[in-house]
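Structure at a glance
Below, each chain spelled out in residue letters.
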Amino acid sequence: MTTTPERDRVPNDVLTSVRKSMNLSQDEFAQGLRGAGEELGEPNDASKRLVQRWESGRTRTCRPLYARALKQFTGRAPESLGFAIPMTRVHSDGAGGHDMEAGEVGTTSAVTSPEPETQGEYAGIWLSRYEFYSSSRDETFNCKHHVVIVQHGNRLTAQSLPGASTNPHSPLSLDLSVDRNIITGTWTEQTAVDGYYHGARYHGAVQLLTEPTGRRMTGKWVGFGKDFDVNTGPWELRLLDRSTGRASVERYSASPE
């Protein structure tokens, strides 16, 4: 297990957000991974301490044993849970040949640029609402999700709560950065297998402006459509609860009105 130097550690807010969206403590998440390992016939020793190492950024990668358990338990590949993707680098061995050196994508360099100035606190549970026009149905639709936002500095990670959308089988996630009152990032939504779009995965970009109160973000999304044309539409998030504790998560794990 490789430990990231303290100066280079970046908390894995994606994993934290996904865990909270599942309404699980770190210990319960570890128990779930052990159960997933048993289901796969690959027992593991996942513990609360291991989950803490992952979420703190102390350990940025996971062994294949845990990668398979994570996919089984969360339905997500490690790279979509904020883990660095292992890769290899080829270099000359100085003797006319080449060696491969293990590395990881996203390793922090020794020289880093200053982070943009941040403003406000955004952690909490929010109501996300966006609109899109369906050309095949000639109708505009509103999609709502209750999402939990985890914040670290100028980075925001949002994950929809289970069953907390107008279509309960379409999980939504956002990866955002804050620069004063401007929020920019990407979004991903996996549509319901039994829905109109038959499980298609859509993704794109979003830019939002925050109101001075810090309780509302409004802007627009951009993304490709069913026919691979580029579309856009309004997107809004409204703060519902500053808490991301278990009671709040349970309260909003239901379809928005």
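My aim in this report is to walk through the structure given alongside it, one point at a time. Note that the coordinates shown come from a computational prediction; the quantities given were computed from them, not determined experimentally.

Right, let's get into the environment of K220. Along the chain, K220 falls in strand β9 (residues 216-224). Residues K220 and T232 lie 12 residues apart in sequence; the distance between their C-alpha atoms is 6.7 Å. Residues contacting K220, with those up to four places away along its chain left out, are A205, V206, Q207, L208, T232, G233, P234 and W235.

This paragraph deals with the nonpolar core. Membership of the largest hydrophobic core comes to 23 residues, with the highest contact counts inside it found for I149 and W235. Elements that contribute at least two residues to this core include exactly β3 (124-134), β4 (139-152), β5 (155-165), β6 (172-179), β7 (182-190), β8 (201-210), β9 and β10 (230-241). Residue contributions to this core peak at 4 residues, all from β6. Core analysis: the next-biggest nonpolar cluster, separate from the first, contains 18 residues, A46, Y66, A69 and L70 among them.

For the rest of this paragraph, the subject is the pairing of β6. The sheet contact formed by β5 and β6 spans 5 bridges and is antiparallel. Residue pairing in the sheet places Q159 in a bridge with S173 of β6. Examined bridge by bridge, β6 and β7 share 8 bridges and lie antiparallel to one another. The residue of β7 that forms the bridge with S177 is T184. Taking the residues that link successive antiparallel strands as the turn, the β6-β7 hairpin has 2 residues, and the phi of R180 there is positive, at about 60°.

This part takes up the pattern of salt bridges. According to the stated counting rule, one finds 10 salt bridges in the structure shown. In this structure, R19 and E55 form a salt bridge, with 2.6 Å as the shortest nitrogen-oxygen distance. Note that R19 is positioned in helix α1 (residues 13-21) and E55 in helix α3 (residues 48-56), a separation of 36 residues in sequence. Here R19 and E55 have matching classes, each one buried. Notably, a salt bridge pairs R68 with E42, separated by 2.9 Å at the nearest N-O pair. One end of the pair, R68, is in helix α4 (residues 64-74); the other, E42, is in the loop between α2 (26-40) and α3, and 26 residues separate them in sequence. We classify R68 as partly exposed; its relative accessible area is 41%.

Okay, the packing of α2 against α3 next. Remark: α2 packs on α3, axes separated minimally by 8 Å, with the N-to-C direction vectors making an angle of 105°. The pairing of α2 with α3 is recorded here as roughly perpendicular in orientation. Residues Q26, D27, F29, A30 and L33 of α2 touch α3, and the partners they reach there are K48, V51, Q52, W54 and E55. Across the contact of α2 with α3, the residue classes break down as 5 nonpolar, 2 polar and 3 charged.

Here R76 lies in the loop between α4 and β1 (86-92). D175 provides the closest opposite charge to the buried, unpaired R76, separated from it by 9.9 Å. Ignoring any residue separated from it by four or fewer positions in sequence, one finds R76 in contact with V18, L70, K71, L81, Q159 and S173.

What counts, and at which threshold
Residues numbered from 1 in each chain as written. Predicted model: local features only at pLDDT ≥ 70, side-chain atom pairs only at ≥ 80, totals over all residues. Heavy atoms only, no water. Helix = DSSP H or I, 4+ residues; strand = E, 2+ residues; numbered from the N terminus. Contact = heavy atoms within 4.5 Å. Core = buried A, V, L, I, M, F, W, Y, C linked by side-chain atoms within 4.5 Å. Buried < 20%, exposed > 50% of the residue type's maximum accessible area, 1.4 Å probe, protein only. Pairing = 2+ DSSP bridges. Salt bridge = Lys/Arg side-chain N within 4 Å of Asp/Glu carboxyl O. Axes fitted to C-alpha atoms, helices over the stretch in contact; angles between N-to-C directions. Parallel < 35°, antiparallel > 145°, perpendicular 65-115°, else oblique. Nonpolar A, V, L, I, M, F, W, Y, C, P; charged D, E, K, R; others polar. Lys, Arg positive; Asp, Glu negative; His and termini not counted.

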